[in-house]
Amino acid sequence: MWYHKPAINEELLQSLPNLKVVASSGVGIDHLDLKLLSRYGVKVSNTPFIVSTDTADMGMALLLASSRRLVEGHEMAVSPDTEYFPADWLGVEVSGATLGIVGMGTIGYKVAERAKAFEMKILYHNRNQRKKEEESAVGAIYCKKIDDLLQQSDFVLLAVNLTPQTHKLIGKRELELMKPTATLINISRGLVVDQDALVEALQNKVIKAAALDVTYPEPLPRDHPLLKLKNVIITPHIGSATNKTRWVMMEEMTESIEAALAGLPIPREVL
Amino acid sequence: VGKKVQAIYLWWHKPVIDKELLQSLPNLKVIANSGVGMDHLDLKLIASFGVKMANAPRAVSSATADTGMALLLASARRLVEVHNISISPSMEYCEADILGVKVTGATLGIIGMGSIGYKIALRAKAFEMNILYHNRTRRKMQEEQAVGATYCKKIDSLLQQADFVMLVVSLTPQTHKLIGKRELELMKPTATLINISRGAVVDQEALAAALQTGVIRAAALDVTSPEPLPREHPLLKLKNVIITPHLGIKTDKATYMITEEAVENILAALNGLPLPSEVLPS
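Everything quoted here is computed from the prediction, not taken from an experiment.

Draft legend 1. Fine view of the overall build of chain A. The number of helices and strands found in chain A is 10 helices and 9 strands. For chain A, the C-alpha radius of gyration of 20 Å lies close to 18 Å, the compact-globule estimate for 271 residues. Dimensions along the principal axes, computed over C-alpha positions, put chain A at roughly 65 × 50 × 35 Å. Within chain A, the proportion of its 271 residues that are buried is 56%. Contacts spanning at least 24 positions in sequence make up 62% of the contacts within chain A whose residues lie at least 6 apart. A distance of 4 Å separates the average location of the 30 positive side-chain charges in chain A from that of its 33 negative side-chain charges.

Draft legend 2. Region of interest: the pairing of strand S9 (residues 218-221) of chain B. Residue and element names in this part refer to chain B. What you see with S9 is no split at all: Ala-218 and Ala-220 on one side and Ala-219 and Leu-221 on the other are buried throughout. In terms of strand pairing, strand S8 (residues 192-195) meets S9 through 4 bridges, oriented parallel. Residue pairing across strands places Asn-195 opposite Leu-221, the latter belonging to S9. Taking the sense of rotation as the criterion, the β-α-β connection linking S8, helix H9 (residues 204-212) and S9 turns out right-handed. Where S9 and strand S10 (residues 241-243) come together, 3 bridges link them in parallel fashion. Bridge pairing in S10 places Ala-220 opposite Ile-242.

Draft legend 3. Structural detail: the domain arrangement of chain A. All names here are of chain A. For chain A, the assigned domains are domain 1 (10-49 + 242-262) and domain 2 (51-78 + 92-234). The straight-line distance from the C-alpha centre of domain 1 to that of domain 2 is 29 Å. A buried area of about 650 Å², summed over both sides, lies between domain 1 and domain 2, and 50% of it is on carbon and sulfur atoms. Together, Asp-30, Phe-49 and Thr-245 form the three largest contributors to the area buried by domain 1 at its contact with domain 2, with a combined 63%. Along the contact surface separating domain 1 from domain 2 lie 1 salt bridge.

Draft legend 4. Geometry of the UniProt feature "domain: D-isomer specific 2-hydroxyacid dehydrogenase catalytic" (unreviewed entry) in chain A. Those places that UniProt annotates as "domain: D-isomer specific 2-hydroxyacid dehydrogenase catalytic" (unreviewed entry) correspond, in this numbering, to residues 2-270 of chain A. Helix makes up 36% of residues 2-270 of chain A and strand 13%. Its end C-alpha atoms lie 16 Å apart.

Draft legend 5. The arrangement of the pattern of salt bridges in detail. What the rule picks out here adds up to 26 salt bridges over all chains. Among the salt bridges present, the one from Glu-134 of chain A reaches Arg-130 of chain A, with a minimum N-O distance of 3.5 Å. Of the charged contacts, one joins Asp-66 of chain B and Arg-123 of chain B as a salt bridge, the two residues approaching to 2.9 Å between their closest N and O atoms. Remark: Arg-123 of chain B occurs in helix H5 (residues 115-126) and Asp-66 of chain B occurs in helix H3 (residues 57-76); sequence separation between them is 57 residues. The same class applies to Asp-66 of chain B and to Arg-123 of chain B, which are both buried. Through salt bridges with shared partners, one network takes in Asp-57 and Arg-114 of chain A together with Glu-128 of chain B.

Definitions and cut-offs
Residues numbered from 1 in each chain as written. Chains lettered and ligands numbered in written order. Predicted model: local features only at pLDDT ≥ 70, side-chain atom pairs only at ≥ 80, totals over all residues. Heavy atoms only, no water. Helix = DSSP H or I, 4+ residues; strand = E, 2+ residues; numbered from the N terminus. Rg over C-alpha atoms; globule rule 2.2 N^0.38 Å. Buried < 20%, exposed > 50% of the residue type's maximum accessible area, 1.4 Å probe, protein only. Contact = heavy atoms within 4.5 Å. Lys, Arg positive; Asp, Glu negative; His and termini not counted. Charge placed at Lys NZ, Arg CZ, Asp CG, Glu CD. Pairing = 2+ DSSP bridges. Right-handed = clockwise from strand over helix to strand, strands pointing away. Domains from an automatic or database assignment. Buried area = accessible area lost by both parts, 1.4 Å probe. Salt bridge = Lys/Arg side-chain N within 4 Å of Asp/Glu carboxyl O. UniProt positions renumbered as here; feature names shortened; annotations may be inferred.

Encoded structure:
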């Protein structure tokens, strides 16, 4: 299964009586109906850990690009109309700023490790608090209430998985709690954010900017307002899109499939 | 009015400090530069008029190091290219084609390991990068160990091994066109060149040719020569090039700190005290 295709529904499963396993690429499994698959006796696997560093790198890439207005800057540098670079053109400093990580799993933690080297102050919100040693290693402070994180952060990075609890986790209320100088970065799933509320917040300067590797749907319809906003960077869900990682993902998926077909324990099985 | 001027705060290379200007300002005591680069100034000329010079080294290092990392990541993951695809009216792209280069665990070669180069090393270390560096002088062992950096006495050795080559030198007669055809050909065909130093450190024609023929994979340049480039310059048209408008220090925080440093230097000069960051003609 690659990039959520084909869609696994009852019709497909009925037409494939000998289907033993679905190997899904990447870590997210929100696109799969696990109960349905279980009823048909089909096993499921994913590739959870190999994607972590690339996705964390992508989170940092988006954070830095947005703060320093990299895409805008490039356009100015190459535009046929540019005669000089204005002296009053400024971005926001990353070093020493406050990063709030929502979802401190494997990926969230790797983002924290990277952000620490930029002397960022790190806050995090998670279902569970991490161990003290893990927190001290990256200098991260737990925010039991997401509101505390939202109110203090210069950059809010979403690294949760998509579940009924995280669906539209960031809506109008959350965006209004954020600083007007803050940036929202999403490397989780489009549905974690209420997109209409985000558009409004960006248009009305409730928050400063957004950088999204994920949207709903992917890709967005061509007339969607998010595509037209100057303070938005959108990338086409490339969190794990590097040669090396894709190679390993393929190997892992093949390995899981072969194990399933041989009736052996499946590496990276999703239960 | 010329007689009243005792200090100049030089913002973004203006005004141009030439003999004519210096002659018209007989009471000028100090010129404070907004930034760290001094290559646009004739230090000997200014000193000959008895005018002191200062730059702002402390304020710029973090913001510039951040820019270096921003460009490295943006280039590796083809950020500008894919953003444009994402927002383009035609949706036809194949996800499998949009692959970037892995940053975590890759080898970064830093050319110029001063304050800015060292801050880059600190950041790159968190991405588990393997760090090589080339510098006029070798850093202390503890400094090397703190970032896991390996010294390359010969620049060739760095160029041959690095996946990302980052230029962080100051512009001097020795570093002028430091990276030319020969150096580009020593680099890996999968490598990326990032320049946050000065445009003149790179032979731009050689760079354009190298990018067009796949001698290196890509380039990300915050600085060019001149700035901006003429609109018909080949570098502006290449898909594998990101160019930014010399935004290395252009953040709210850095500009504030630069101005603070400049004021400190100006006040010291006017009060006959030692300047915190005086620059002497070498």
